[in-house]
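# Understanding the architecture of this molecule
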Amino acid sequence: MRAVGHLFVALAASEIGRRGLGVRRLIRSARLMATRSKHGKTVDWTTKDLLLGLEEFVPIYETRPIKNNMYGMGFDHSFGLWFITRWLKPDLMIESGAFKGHSTWVLRQAMPNSRIISLTPRHPMKYLKKGPAYVDENCTYFAGNEFLDFGSVEWGTVLKNHGVTDLSRVVVFFDDHQNELKRLKQALKAGFSNLIFEDNYDTGTGDHYSLRQICDQFYIQGGGHSCFEDGDEARVRSVRKKYWEKAVDTLELCGPGESWWGVRGYMRDDFNLTNKPISYTQHFQNSRYVESVLDVYWELPPVAGPSLTHQTRYDPARAPSPIVEDGRFGLFQSVGLSRLETSVFNGYTQMVYVKVSEKN
Ligand SMILES: C[S@@+](CC[C@H](N)C(=O)[O-])C[C@H]1O[C@@H](n2cnc3c(N)ncnc32)[C@H](O)[C@@H]1O
């Protein structure tokens, strides 16, 4: 399995057929973007492991307490979080951004006996008064009056209180819509190395600066974007925007006279409540910095192709090839995915697992 990666444009034949687009024209503008890590290390798991994991996870997911998790994770990322966590088998799981507690529940399914620390402004208990929510018995909540932002926690003290001495045995999960560069630096400063980012938004989309946006660079194979309005890329992007809600066209990627980075030239933070303009020089430096601390960068593939899931939001051309590829309905059915309602497949945003360490 590739360690890294944005795989731009693994266009499924069925998608092309279904949508009646010119195959040659689209494949010519295909991009393969590979985020670089320090030593080119990879993850241990394979597509076969992911498939076996899917088969095991579907029945677990069917027992979830929060059936409709609007504004929270859908199936793809729930599976990704469960799979990665279960593979890494941490002694402690930390989550930032719990909402009603669905992701806490997923972490608990992955590791039934490990401690969880959850940082979230509103305690999930509050949601219980109005409807389904999940509160974990073996979780320390920094929520409500006790809420602390991840960057303000005295991690040395908290970890000591939880009996954790080996930080490589901790997984930190971010679903708090904060600038991911900020979170990455805070995590490194505290000594954490296994990080999962839920919303790893593509350039031009999302409410916070993401690792994928940072890595979207001309010097990385397949990265960057062209602002040539009569070019192939502009044409393909405008076609794809008609089909996929989250696809972006050149108008959203290019300002007057220059390429935009992040979202319309802004490094967004805190659900887009604060944002700063970002120059190309700064954006470029951010990418070099991220590369210098990355040991592994692995984007979760979508669980299945769009002809199977009927999702219409993310552009499959901007995602890795799905675990169950288009056309493989038998496999889609046998791993149990056909039992799930279509809406659970609409939340994919390139969840990423990174292993990081200080520069060397
Ligand atoms: C998208 S929701 C999380 C969804 C949840 N992980 C799930 O799977 O259902 C984002 C959450 O981040 C919380 N949040 C906002 N600012 C935060 C911060 N600084 N630190 C941690 N959580 C924050 C929000 O209150 C909200 O509960």
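Cut-offs and rules
Residues numbered from 1 in each chain as written. Predicted model: local features only at pLDDT ≥ 70, side-chain atom pairs only at ≥ 80, totals over all residues. Helix = DSSP H or I, 4+ residues; strand = E, 2+ residues; numbered from the N terminus. Rg over C-alpha atoms; globule rule 2.2 N^0.38 Å. Contact = placed C-beta atoms within 7 Å. Buried ≥ 20, exposed ≤ 12 C-beta atoms within 10 Å, placed from the backbone. Pairing = 2+ DSSP bridges. Right-handed = clockwise from strand over helix to strand, strands pointing away. Axes fitted to C-alpha atoms, helices over the stretch in contact; angles between N-to-C directions. Near = placed C-beta within 6 Å. Core = buried A, V, L, I, M, F, W, Y, C linked by C-beta atoms within 7 Å. pLDDT = per-residue confidence, 0-100. Expected span 1.5 Å × (residues − 1). Left-handed = near helix turned anticlockwise from the far one by under 90°. Parallel < 35°, antiparallel > 145°, perpendicular 65-115°, else oblique. Nonpolar A, V, L, I, M, F, W, Y, C, P; charged D, E, K, R; others polar.

To continue, consider the overall build of the protein chain. Within the protein chain one finds 14 helices and 11 strands. A compact globule built from 360 residues should have a C-alpha radius of gyration of about 21 Å, and the protein chain, at 20 Å, falls within 12% of that. Across its three principal axes, the protein chain shows a C-alpha extent of roughly 60 × 50 × 40 Å. In the protein chain, the proportion of contacts linking residues at least 24 apart, taken out of those at least 6 apart, comes to 68%.

What follows concerns the pairing of strand E5 (residues 194-197). Both faces of E5 are covered, namely the face carrying Asn 194 and Ile 196 and the face carrying Leu 195 and Phe 197. Examined bridge by bridge, strand E4 (residues 170-174) and E5 share four bridges and lie parallel to one another. By the bridge assignment, Val 171 is partnered in E5 with Asn 194. With helix H8 (residues 180-190) bridging E4 and its parallel neighbour E5, the resulting β-α-β unit is right-handed. As judged from the four bridges shared by E5 and strand E11 (residues 352-356), these two strands associate in the antiparallel manner. When the bridges of E11 are listed, Phe 197 appears paired with Val 352.

This brings us to unusual backbone geometry. Even without a glycine there, the phi angle at Lys 89 is positive, about 50°. Note that Lys 89 resides in the loop between helix H4 (75-88) and strand E1 (92-96). Classification of Lys 89 as exposed rests on a count of 11 C-beta atoms within 10 Å.

The sheet built from seven strands is open, its strands ordered E3-E2-E1-E4-E5-E11-E10 with mixed pairing. Edge positions in the open sheet fall to strand E3 (139-143) and strand E10 (294-299), since each of these has one partner strand only. For this sheet, the mean angle separating the axes of adjacent strands, direction not counted, is 15°. Relative to E11, E10 is paired through five bridges, and the arrangement is antiparallel. Of the residues in E11, the one forming a bridge with Trp 298 is Tyr 353.

Further remarks concern the site of the ligand. Around the ligand, the surrounding shell holds 20 residues, and the nearest of these are Gly 72, Gly 97, Phe 99, Ser 103 and Asp 176. Put simply, the parts of the chain that give the shell around the ligand at least two residues each are helix H5 (102-110) and strand E2 (115-120).

Take the nonpolar core next. Val 172, Leu 195, Ile 196 and Val 354 are the most contacted members of the largest nonpolar core, which totals 73 residues. With seven residues, H4 is the largest single contributor of residues to this core. In this structure Val 354 touches Leu 195, Leu 211, Leu 294, Val 296 and Tyr 297, once residues within four positions along its chain are discounted.

Our next topic: the confidence of the model for the protein chain. Confidence along the protein chain averages 90 in pLDDT terms, with 90% of residues attaining 70 or more. When the criterion is pLDDT under 50, residues 1-32 qualifies, and its contacts beyond four places in sequence or with other chains add up to 74 contacts.

A few words on helix H12 (residues 280-293). End to end, H12 covers 20 Å across 14 residues, agreeing with the expected 20 Å (1.5 Å per residue, within 8%). The elements touched by buried residues of H12 are H8, helix H9 (211-215), E10 and E11.

Once that is clear, we can look at the packing of H4 against H5. Angle between the axes and distance between the axes are the two parameters that describe a pair of packed helices. One can describe the packing of H4 onto H5 by two numbers: an axis separation of 8 Å at closest approach and a directional angle of 35°. Seen along the crossing, H4 lies across H5 with a hand that is right-handed. Every residue of H5 that contacts H4 at Ser 78, Leu 81, Trp 82, Thr 85 and Arg 86 is listed here: Ser 103, Val 106, Leu 107, Gln 109 and Ala 110.

Before going further, it helps to examine the packing of helix H3 (residues 47-61) against H4. It is at 10 Å that the axes of H3 and H4 come closest, and there the two elements cross at 115°. Considering the angle they form, H3 stands roughly perpendicular to H4. For the pair H3 and H4, the crossing hand works out as right-handed. Taken together, the residues of H4 that come into contact with H3 (itself represented by Leu 50, Gly 53, Leu 54, Phe 57 and Tyr 61) are Phe 75, Ser 78, Phe 79, Trp 82 and Phe 83. Partitioned by chemical class, the residues of the contact of H3 with H4 number eight nonpolar, two polar and no charged.

Turning our eyes to something else, we now look at the pairing of strand E9 (residues 274-277). Alignment of strand E8 (residues 266-269) against E9, held across four bridges, turns out to be antiparallel. Among the inter-strand pairings, Asp 269 is bridged to a residue of E9, identified as Thr 274. Linking E8 to E9, which pair antiparallel, is a turn of four residues; within it Asp 270 sits at a positive phi near 50°.

Quick look at the environment of Lys 41 now. Positionally, Lys 41 belongs in the loop between helix H2 (23-28) and H3. Lys 41 sits in the partly exposed class, given 14 other C-beta atoms within 10 Å.

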